[in-house]
Amino acid sequence: RLRKWQRRIRVSNATERNLAFALSELDRMASALGLPRNVRETAAVVYRDAVEKNLIRGRSIEGVAAAALYAACRQCNVPRTLDEIAEVSRVSRKEIGRTYRFISRELGLKLLPTSPIDYVPRFCSGLTLKGEVQSRAVEILRQAGEKELTSGRGPTGVAAAAIYISSILGGERRTQREVAEVAGVTEVTIRNRYKELAEKLDIEIIL
Amino acid sequence: MKVNPEDSLKIENIVASAKVADELDLQMINEEIKDAEYNKKRFPGVVLRMQDPKIAALVFGSGKVVLTGAKSIDNLSRGLEILGEKLRALKLDIPTNLEYKVQNIVTSADLGSPINLNKIAVGFNLDRIEYEPEQFPGLVYRLEEPKVVVLLFGSGKLIITGGKETKDAKAAVIKIMSDLSNLGLI
DNA sequence: ACTTTACTTTTAAAAGC
DNA sequence: GCTTTAAAAAGTAAAGT
């Protein structure tokens, strides 16, 4: 029947309109965060998969798009924190986290916890630190992971502490304030983490 | 001699529901009981707090009640008795032998040694656990039998919640220990 | 820097928006 | 989904001293 045809077209239009809106949202957020094209494409794939599995029901397009972008950043090993995603999104950090867990489960993304090491390149460039300091921070984090100094701790705080230490060891000292700023954590957290890392990894720090 | 983890269990909170009457005048209860809290705009129930066994009760107009904060089944029973006495003091007709239903028991436990949450996240079936250290330091493990949720921390301490019987926590800890030892993580 | 207070997570019920 | 109650776990955060 003609009516059925029109209905199908209507649904199709709505679906396409929603998808177009979601993709433009992903692009807007990705641009605001300066994310590379591969992350945007990965996010688009995650979003399309979520649509195909009807995971959008009962959820906002914005929320699913933000969660898809968060997941994509992690899949591409260039993680952004939920706070960073929330800053360029219109939904709360709480909803993004909740939606992320849901789509991650339903799509079987099987994402491992974010490694502090993945934050090192971005934080170091934000502090204009040399590759040598960066490598040393990564090595500290590798050892920290082996000695179970990362379980339960926030990845950004541990990464920030390792960078703080390596900047001192490399003779290119950055203040706790500066590192805290780029890492999005407080100076208190950097202090707690770096003292723990220095003690357990036997790193002597001369201030 | 090291204490067995299943013997470190400690009930931290019990939530139960009960029906003490067919109808209650919350406005009157709020006016008569000095420490009662009632903001209909905010929440449809009156909040009553007991001191002896430190328990909080949410009293609704339907006569239904929610008790929370009890550290033991005995505390819970005593709390419900005290609630009944408080309401009877207001000339309300409340049954003497009130029945209740335990809805949730929160229990803490200790494995006795630190555990590596990252390794557990890798070793376990990823769709039964959630570990997002950016949001919360604990690893969330949902068990099917017993049907409870366990929060595991790097220190080796655990929180078991969602169970309706005291034995659920013990069964959960035993299962967690066997799972961890099967994976060589403890 | 230290202490205190508070928010993150999980769970369940209640009546209603 | 939210609102309110309680409680523990450990990390992070903010405010006041």
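Residues numbered from 1 in each chain as written. Chains lettered and ligands numbered in written order. Predicted model: local features only at pLDDT ≥ 70, side-chain atom pairs only at ≥ 80, totals over all residues. Heavy atoms only, no water.

1. Remarks on the domain arrangement of chain B
We note that the domain assignment places domain 1 (5-9 + 105-183) and domain 2 (21-97) within chain B. Here the C-alpha centre of domain 2 of chain B lies 34 Å away from the C-alpha centre of domain 1 of chain B. (Domains from an automatic or database assignment.)

2. Digging into the protein's contact with DNA strand D
Not every one of the 30 residues close to DNA strand D is listed here, only the nearest: Arg98 and Thr189 of chain A together with Asn13, Lys54 and Ser155 of chain B. Take the atoms of DNA strand D that sit within 4 Å of the protein: sugar and phosphate atoms are 75% of them. Within the side chain of Lys71 of chain B, an N or O atom sits 3.4 Å from a sugar or linking oxygen of DNA strand D. The contact in question runs from a phosphate oxygen of DNA strand D to an N or O atom on the side chain of Ser155 of chain B, over 2.3 Å. Elements represented by at least two residues in the surface near DNA strand D include exactly helix H10 (187-200) of chain A together with strand S1 (10-19), strand S3 (55-59), strand S4 (64-70) and strand S9 (157-163) of chain B. Grouping the constituent residues of the surface near DNA strand D by class yields 11 nonpolar, nine polar and 10 charged. (Near = heavy atom within 4 Å. Polar contact = N/O pair within 3.5 Å; in protein donor to acceptor, adjacent residues only side chain to side chain. Helix = DSSP H or I, 4+ residues; strand = E, 2+ residues; numbered from the N terminus. Nonpolar A, V, L, I, M, F, W, Y, C, P; charged D, E, K, R; others polar.)

3. Comments concerning the side chain of Ser89 of chain A
Residue and element names in this part refer to chain A. With respect to the helices, strands and loops of the structure, Ser89 is situated in the loop between helix H4 (82-87) and helix H5 (93-106). The exposure class of Ser89 is buried, given its relative accessible area of 12%. Residues in contact with Ser89, not counting those within four places in the same chain, are Arg28, Met29, Glu62, Ala66 and Ile96. (Buried < 20%, exposed > 50% of the residue type's maximum accessible area, 1.4 Å probe, protein only. Contact = heavy atoms within 4.5 Å.)

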